[in-house]
Amino acid sequence: MVTGNFFDVLGVRPFAGRAFTPADDVRSDASHVAVASYRFASRRHPLPQDAVGKIVYLQNIPFTIVGVMAPGFFGTEKGRDSDLYVPIMTARELVTGVSFDEGGIVQPIGRLQPGVDLAGAQSNLQLLWGQLLAADPAVTGIIYGEAKHSSNDRIVSESGARGYQGTGSEQQRSLRL
């Protein structure tokens, strides 16, 4: 599950069809769209682009494939190549047993602006984290559920050039961007 600007942030374009639009990033039947990986589309169709317009069912809910990503795109998490990408607004319909009000499902990613280095971005994010907590201390529960977090928690910014690899304990204690 990804946000409507996921592919734009990564700077990638689909091989066929389209990526998500702002209209896909709202909670409605319009959000029942999917973008397929090239691998997924080519396993099911002689020409991967023929997957565009086809219906796939997730949890018995029909999703229309609106795009197919390029052959070299494998997502952001190394070793976890997704077959399908769907709007995050469909999470409540697709994932059971998770309280979305308690957070813990979102892994934010971003792209550095030209002229900004990783250390500068991390410093700015750490400052913003402290400001966010000061403005609304309840936000820690929204982002992390029951975990107790403070402005002293570290923000970890890392290059996405090789994909996200996360580590057990570090992943649990840091907000990774």
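Anything mentioned here points back to the structure above.
The rules we used
Residues numbered from 1 in each chain as written. Predicted model: local features only at pLDDT ≥ 70, side-chain atom pairs only at ≥ 80, totals over all residues. Heavy atoms only, no water. Helix = DSSP H or I, 4+ residues; strand = E, 2+ residues; numbered from the N terminus. Expected span 1.5 Å × (residues − 1). Buried < 20%, exposed > 50% of the residue type's maximum accessible area, 1.4 Å probe, protein only. Pairing = 2+ DSSP bridges. Phe/Tyr/Trp six-rings, centres within 6.5 Å; stacked < 30°, edge-to-face > 60°. Core = buried A, V, L, I, M, F, W, Y, C linked by side-chain atoms within 4.5 Å. Contact = heavy atoms within 4.5 Å.

Visitor: Would you mind going over helix α4 (residues 118–135) with me for this structure?
Guide: An α-helix turns once per 3.6 residues; consequently, residues spaced three or four apart project the same way. For α4, which comprises 18 residues, the first-to-last C-alpha distance of 25 Å matches the rise-based estimate of 26 Å (1.5 Å per residue) to within 8%. Taken together, the buried positions of α4 are occupied by A121, W129, G130 and L133.

Visitor: Sorry if this is basic, but what is going on with the environment of G72 here?
Guide: Structurally, the position occupied by G72 is in the loop between β4 (61–69) and β5 (84–85). Linking G72 and F15, residues 57 residues apart in sequence, is a C-alpha distance of 9.9 Å.

Visitor: Whenever I open this one, the pairing of β4 confuses me. Can you help?
Guide: Sheet faces and side chains relate simply in a regular strand, where the side chains alternate between the two faces. The buried fraction of β4 amounts to seven of the nine residues, a majority that puts the element mostly inside the structure. With four bridges joining them, strand β2 (residues 33–36) and β4 adopt parallel strand pairing. Paired with A36 across the bridge in β4 is V68. Two elements, strand β3 (residues 55–58) and β4, share four bridges in a ladder whose sense is antiparallel. Residue L58 lies in a different strand from β4, and its bridge partner there is I61. The antiparallel pairing of β3 with β4 creates a hairpin that spans two residues between the two strands, and Q59 there sits at a positive phi of about 55°.

Visitor: Please clarify how the packing of aromatic side chains should be interpreted in this entry.
Guide: To describe a pair of aromatic rings, you give the distance between the ring centres and the angle between the ring planes. One pass over the structure, following the stated rule, counts seven aromatic pairs. On the numbers, 5.8 Å between centres and 45° between planes, the contact of F7 with F20 is tilted. Within this pair, whereas F7 is found in helix α1 (residues 6–10), its partner F20 is found in the loop between β1 (14–17) and β2, the two being separated by 13 residues in sequence. A relative accessible area of 6% places F20 in the buried class. Here the aromatic cluster, defined as three or more aromatic residues joined through ring pairs, consists of F6, F7, F20, F73 and Y85.

Visitor: When you look at the nonpolar core in this model, what are you seeing that I'm missing?
Guide: Nonpolar side chains in soluble globular proteins tend to end up buried together. Of all hydrophobic cores here, the largest spans 14 residues; its most connected members are A36, F40, V56, F63, I65, V68 and L84. Mapped by element, the contributors of at least two residues to this core are β2, α2 (38–44) and β4. In terms of residue count, β4 provides more of this core than any other element does, four residues in total. With residues near it in sequence (within four places) discarded, A36 still touches I65, G67, V68, M69, D83 and L84. If you look at the next biggest cluster of nonpolar residues, it comprises 12 residues, including V12, A19, F20 and V35.

Geometric values such as these leave the question of function open.
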